[in-house]
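Here are the chains, one letter per residue:
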Amino acid sequence: MGLCSFCNEREREGYWKYYCEDCAMLRRMLVLHNPSECVSILKRCLIRNDKQITNKVNIELKTIPKESLENTKKALEGVKTRSQYDNVIRN
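Residues numbered from 1 in each chain as written. Predicted model: local features only at pLDDT ≥ 70, side-chain atom pairs only at ≥ 80, totals over all residues. Heavy atoms only, no water.

Draft legend 1. The environment of Asn-49, seen in detail. Along the polypeptide, Asn-49 turns up in the loop between α2 (35-46) and α3 (50-63). According to the relative accessible area criterion, Asn-49 is partly exposed, its value standing at 42%. Within polar-contact distance, the side chain of Asn-49 engages the backbone nitrogen of Gln-52 at 2.8 Å. (Helix = DSSP H or I, 4+ residues; strand = E, 2+ residues; numbered from the N terminus. Buried < 20%, exposed > 50% of the residue type's maximum accessible area, 1.4 Å probe, protein only. Polar contact = N/O pair within 3.5 Å; in protein donor to acceptor, adjacent residues only side chain to side chain.)

Draft legend 2. Molecular detail of the confidence of the model for the protein. Here the protein shows a mean pLDDT of 81. Residues at 70 or above account for 79%. Taken element by element, the protein is modelled with least confidence in helix α5 (residues 82-90), mean pLDDT 55, and with most confidence in helix α1 (residues 21-32), mean pLDDT 92. (pLDDT = per-residue confidence, 0-100.)

Draft legend 3. Region of interest: the packing of aromatic side chains. In this structure the tally under the stated criterion is 1 aromatic pair. When the ring of Tyr-15 is compared with that of Trp-16, the centres are 4.9 Å apart and the planes differ by 90 degrees; the resulting orientation is edge-to-face. Residue classification places Tyr-15 among the exposed residues on the basis of a relative accessible area of 54%. Trp-16 gets classed as exposed once you look at its relative accessible area, which sits at 74%. (Phe/Tyr/Trp six-rings, centres within 6.5 Å; stacked < 30°, edge-to-face > 60°.)

Draft legend 4. The pattern of salt bridges, seen in detail. For the structure shown, the criterion picks out 2 salt bridges. Put simply, Arg-10 and Asp-22 hold a salt bridge, and the shortest N to O gap is 2.3 Å. With Arg-10 in the segment before α1 and Asp-22 in helix α1, the pair connects residues that are 12 residues apart, well separated along the chain. Where Lys-56 meets Glu-60, a salt bridge forms, and the shortest distance between an N and an O atom there is 3.5 Å. Of the two residues, Lys-56 and Glu-60 are both situated in helix α3; the distance of 4 residues between them amounts to about one turn of the helix. (Salt bridge = Lys/Arg side-chain N within 4 Å of Asp/Glu carboxyl O.)

Okay, structure coming up:
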């Protein structure tokens, strides 16, 4: 039948259709609701902010034994994290 015109990964719903089932659902949501509202909902649900990233890192650090944590800190000295790069881009 052909690939979806949106994701280019899955088969289309039907011969005369343009989108796969999931992309068709996304398109219907965008038509029914304001696209900017849909984008803000997706950003709020799928993208972590700096506070959430810091919280997750702190939780994960509590699960690591102290001996391996010290070795990891030495290995990571001078390595920039993705959030540091993002902060440079934002500023």
